[in-house]
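What the coordinates show
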Amino acid sequence: MLEPGDEVKFAGKVVDWLAEEGLQPLLPENVEAKLDKLVLSGHSKGGKTVFAVALGYAKTNLKFSALVGIDPVAGPCKSCETFPPILTGMSQSFNLNIPIVVIGTGLGPEKANFFIPPCAPDGVNHKEFFNKCKPPCAHFVATEYGHMDMLDDVTPGLIGSILSNCICKDGKGPRDLMRRTVGGLVVAFLRAQLNGLWKDFNAILADPYLALP
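Our subject in this report is the structure included herewith. Note that the coordinates shown come from a computational prediction; the quantities given were computed from them, not determined experimentally. In this numbering scheme, every chain counts its residues from 1 along its sequence in written order. Totals for whole chains, interfaces and linings use every residue, but because this is a predicted model, local features are given only for residues with pLDDT of at least 70 and side-chain atom pairs only at 80 or more, for both listing and counting. Side-chain measures here rest on the full set of heavy atoms in the structure, leaving out hydrogens and waters.

It is worth spelling out the pairing of strand β4 (residues 137–142) at this point. Throughout, exposure labels follow a simple rule: accessible area from a 1.4 Å probe, protein chains only, divided by the maximum for the residue type, with under 20% read as buried, over 50% as exposed, and the rest as partly exposed. Helix and strand labels come from DSSP, where a helix needs a run of H or I of at least four residues and a strand needs a run of E of at least two; each type is numbered from the N terminus. Residues A138, F140 and A142 line the buried face of β4, whereas the alternating positions C137, H139 and V141 sit on a face that is not buried. Any two strands between which DSSP finds at least two bridges are classified as paired. Two strands pair when backbone bridges link them, and strand β3 (residues 100–105) and β4 are joined in this way by six bridges, in the parallel orientation. Looking at the pairing, G104 lines up with V141 of β4. Between β3 and its parallel partner β4, the chain crosses via helix α3 (residues 126–132), and the hand of that crossover is right-handed. Classification remark: right-handed applies to a crossover when, strands pointing away from the viewer, the course from the first strand over the helix to the second runs clockwise.

In structure tokens:
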């Protein structure tokens, strides 16, 4: 049985596996893993997990170059954050010196129906995570989309279908648009921060609607 915070420990073990050259033997012969440019990325509770790993709640042997939080959620409400609690303190309280991009959704704080609470409630969602970040950081919000709208149109199995389509408030637009928008933002951010190719990301910062495919 999983204990509170185990997902953070497991994520740290994955990082250590990378550091111990567990990845390289699995890659094609002409592909080399560059672990000097390691990026943490996660969605929903996974978004909180990668922040917790970066903040040192999982001891790892590698340093991180950037962090991507995709509609991160820290728990069901502000007073019941999942372990470990990280949304504490004042604004810009995250002691992180790496570039961060937070991508949120406008419909995440809304209920899908009367019986189920919102998937990304106010007080523990992307707004709070960005508020805790220090520069350099960026924040984008897909105002007309929901917490699960960056997933595939069809998710396998009954549980996958319920989680994807019934639990969270969905947007009315096509999910393909949301997936490509999130993917484009992440690629532009990483090209800028890791490779010094700033043209696309600076253009998006100046006019976020350019992120729409």
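What follows concerns the sheet that holds strand β1 (residues 39–43). Spatially, the four strands line up as an open sheet ordered β1-β2-β3-β4, and their pairing is parallel. At either margin of the open sheet sits one strand with a lone partner, and together these are β1 and β4. Taken pair by pair, the neighbouring strands of this sheet meet at an average axis angle of 10°, ignoring direction. For β1 and strand β2 (residues 66–70), the ladder comprises five bridges, and the chain directions are parallel. Residue pairing in the sheet places L40 in a bridge with L67 of β2. Throughout, a contact is declared for two residues whenever any of their heavy atoms are within 4.5 Å. Axis definition: a line fitted to C-alpha atoms, over the contacting stretch in the case of helices. Angles run 0 to 180 degrees between N-to-C directions. Its contacts with the sheet put helix α2 (residues 45–54) on β1, β2 and β3, and the angle it makes with β1 is roughly 150°. Across the sheet, helix α5 (residues 175–195) lies against β1, β2, β3 and β4, angled at about 165° from β2, the strand it touches most.

Let us now look at a nonpolar patch on the surface. Residues form patches when they are more than 30% accessible in relative terms and have no salt bridge. Like charges link within 9 Å. Nonpolar side chains (Val, Leu, Ile, Met, Phe, Trp, Tyr) link within 5 Å. Reported accessibility uses the Shrake-Rupley method at a 1.4 Å probe radius. Residues are deemed covered only where the shown protein chains occlude them. Whenever a carboxyl oxygen of Asp or Glu lies within 4 Å of a side-chain nitrogen of Lys or Arg, that contact is scored as a salt bridge. Together, V14, W17 and L26 make up an exposed nonpolar region whose accessible area comes to about 310 Å². Inspection of the secondary structure puts W17 in helix α1 (residues 6–19). Classification of W17 by relative accessible area gives partly exposed; the value is 36%.

Now for the packing of α5 against helix α6 (residues 199–206). Where α5 meets α6, the axes come as close as 7 Å, and the angle between the chain directions of the two elements is 125°. As judged from the angle between their axes, α5 and α6 are oblique. Between α5 and α6 lies a crossing whose hand is left-handed. From α5, L185, A188, F189, R191 and A192 reach across to α6, where they touch D200, F201 and I204. For this classification, the nonpolar set comprises Ala, Val, Leu, Ile, Met, Phe, Trp, Tyr, Cys and Pro, the charged set comprises Asp, Glu, Lys and Arg, and every other residue, Gly included, is treated as polar. By residue class, the composition of the contact of α5 with α6 is six nonpolar, no polar and two charged. Reported orientations rely on four angle classes, namely roughly parallel under 35 degrees, roughly antiparallel over 145, roughly perpendicular from 65 to 115, and oblique for the rest. Note: crossing handedness is left-handed where the near helix turns anticlockwise from the far helix by less than a right angle, and right-handed where it turns clockwise.

Spatial relationships are all this shows, so hold off on functional conclusions.
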